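Residue-level listing of the chains:
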Amino acid sequence: MEALATLEQQARQAIAAACDLKILDDIRVQYMGKKGLLTEQLKQLGKLPADERPQAGQAINVAKKQVQAAIEARKTELQSAALAEQLASER
């Protein structure tokens, strides 16, 4: 599960560093997409012993939700900044 915590931290850092919506979407795909890093963690659950699966699955889902929330928050910030910039340029 240390790898999961590291992965989540890397995702949060990448999200915070995203400077436009295109980069943010690329980060979303990298971590949450069909072949994303967090999605791959879920696919690895089958290889774990049965008694470890529920806890590992729950931890992965929590990490995915937190990364998704961070993406949504950053997206809102970037959209607000873009709108403010557009309004300022139209004055």
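Parameters and conventions
- Residues numbered from 1 in each chain as written.
- Predicted model: local features only at pLDDT ≥ 70, side-chain atom pairs only at ≥ 80, totals over all residues.
- Heavy atoms only, no water.
- Helix = DSSP H or I, 4+ residues; strand = E, 2+ residues; numbered from the N terminus.
- Rg over C-alpha atoms; globule rule 2.2 N^0.38 Å.
- Buried < 20%, exposed > 50% of the residue type's maximum accessible area, 1.4 Å probe, protein only.
- Contact = heavy atoms within 4.5 Å.
- Areas by Shrake-Rupley, 256 points an atom, 1.4 Å probe, with all protein chains shown as cover.
- Lys, Arg positive; Asp, Glu negative; His and termini not counted.
- Charge placed at Lys NZ, Arg CZ, Asp CG, Glu CD.
- Axes fitted to C-alpha atoms, helices over the stretch in contact; angles between N-to-C directions.
- Parallel < 35°, antiparallel > 145°, perpendicular 65-115°, else oblique.
- Nonpolar A, V, L, I, M, F, W, Y, C, P; charged D, E, K, R; others polar.

Engineer: Can you help me understand the overall build of the protein chain in this one?
Structural biologist: Broken down by element type, the protein chain carries four helices and zero strands. Counted from the first residue to the last, the protein chain has its helices and strands arranged as α-α-α-α. Its C-alpha atoms give the protein chain a radius of gyration of 16 Å, more than 25% over the compact-globule value 12 Å for 91 residues. Expressed along its principal axes, the backbone C-alpha trace of the protein chain runs to roughly 60 × 20 × 15 Å. Here the protein chain holds 91 residues, and the buried ones make up 27% of them. Here the analysis covers contacts within the protein chain between residues at least 6 apart in sequence; of these, 59% occur between residues at least 24 apart. Carbon and sulfur atoms provide 54% of the accessible area of the protein chain, an area that totals close to 6,300 Å². In the protein chain, the 13 positive side-chain charges and the 12 negative ones have mean positions that sit 6 Å from each other.

Engineer: Sorry, what's going on with the packing of helix 1 (residues 2-17) against helix 4 (residues 53-90) here?
Structural biologist: Helices that pack against each other are described as a pair by the angle of their axes relative to one another and the distance between those axes. Closest axis-to-axis distance for the helix 1/helix 4 pair is 10 Å, and the angle between their directions is 5 degrees. In terms of their interaxial angle, helix 1 and helix 4 are classed as roughly parallel. Across the interface between the two elements, Leu4, Glu8, Ala11, Arg12, Ile15 and Ala16 of helix 1 pack against Ala59, Ile60, Ala63, Gln66, Val67, Ala70, Ile71 and Arg74 of helix 4. Here the contact of helix 1 with helix 4 is built from residues that sort into 10 nonpolar, one polar and three charged.

Engineer: For this particular structure, what's the right way to read the side chain of Lys64?
Structural biologist: Topologically, Lys64 is positioned in helix 4. Apart from residues lying up to four places away in sequence, Lys64 is in contact with Met32, Leu38, Thr39 and Leu42.

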